Amino acid sequence: MTVPTTGRRERKKAATRQKIADTAMRLFLERGYDAVGIRDVAAEADVAVTTVFSHFASKEALVFERDDTFEQRLTQAVADRAPDEPLVPALRREIHALVRHCTADGSAPIYRMIDQSPALREYEESMRLRHAESLATALAADPGLPQSATACRTIARFAIDAYALAREAADPEAAVDEIFQMIEAAWEAASPARGA
């Protein structure tokens, strides 16, 4: 009988987290990021300030509430690809999907807000570095990818930067393809000589 209780508890936690994130984003977009405090978010979401902090480590984390999902999708693009599927097309496909999501209608105000806030830009940069390290770890752990740790870290940074650069391009889809042509060339250049 503990399984249904745990399931309900987890669903309730997830619903509370989503309610806080949605409330925070609405307030940030209505009033401006700097004009809204954690207490404002808590009051509007009808939760305690400690509840907000039990779900989000900082005010900035409220804006990037899907941070973990982004990271998981990239590492899974490496780990879950078919045994005979090359790495770069798998990463390109995932970056395309992520860029489509963040450039969809309704996302522009969020990214304008991020661009206008030094605190959010700094948080996003630290987040990108963390994502790149996680992706590099996934690349290095894949026994089918014989590149060096340096090559894995470099390609991971390129892939993460591809997302950021394409998001800002006039034609995001074309930008992803252009960037990934360079990534593929770099990955091939880093590959150990076949049969050596």
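Above this text sits the structure in question.
Everything numeric in this text was worked out from a predicted model, so none of it was measured.

Peer 1: Give a detailed account of the packing of helix H6 (residues 87–102) against helix H10 (residues 172–190), specifying residues and quantitative values.
Peer 2: Two measures define how a pair of helices packs: the angle their axes make with one another and the distance between the axes. At a minimum axis separation of 10 Å, H6 and H10 run at an interaxial angle of 155°. Considered as vectors, H6 and H10 are oriented roughly antiparallel to each other. The handedness of the crossing between H6 and H10 comes out as right-handed. In contact with Leu87, Val88, Leu91, Arg92, Ile95, His96, Val99 and Arg100 of H6, H10 contributes Pro172, Glu173, Val176, Asp177, Phe180, Gln181, Ile183, Glu184 and Trp187.

Peer 1: Summarise the pattern of salt bridges; cite the residues concerned and give the values.
Peer 2: Counted under the stated rule, the structure contains 11 salt bridges. For the salt bridge of Glu184 with Arg92, the shortest nitrogen-to-oxygen distance reads 3.8 Å. With Glu184 in helix H10 and Arg92 in helix H6, the pair connects residues that are 92 residues apart, well separated along the chain. Notably, a salt bridge pairs Arg100 with Glu173, separated by 3.3 Å at the nearest N-O pair. Taken together, the positions of Arg100 in helix H6 and Glu173 in helix H10 put the pair 73 residues apart, joining distant regions of the chain. Here the residues in one salt-bridge network are Arg26, Glu30 and Glu44, joined through shared partners.

Peer 1: Account for the packing of aromatic side chains, with residues named and values stated.
Peer 2: Across all of its chains, the model carries three aromatic pairs by this definition. Just above the ring of Tyr33 sits the side chain of Lys59; from NZ or CZ to the centre is 4.2 Å.

Cut-offs used in this document
- Residues numbered from 1 in each chain as written.
- Predicted model: local features only at pLDDT ≥ 70, side-chain atom pairs only at ≥ 80, totals over all residues.
- Heavy atoms only, no water.
- Axes fitted to C-alpha atoms, helices over the stretch in contact; angles between N-to-C directions.
- Helix = DSSP H or I, 4+ residues; strand = E, 2+ residues; numbered from the N terminus.
- Parallel < 35°, antiparallel > 145°, perpendicular 65-115°, else oblique.
- Left-handed = near helix turned anticlockwise from the far one by under 90°.
- Contact = heavy atoms within 4.5 Å.
- Salt bridge = Lys/Arg side-chain N within 4 Å of Asp/Glu carboxyl O.
- Phe/Tyr/Trp six-rings, centres within 6.5 Å; stacked < 30°, edge-to-face > 60°.
- Lys NZ or Arg CZ within 6 Å of the ring centre and 35° of its normal.

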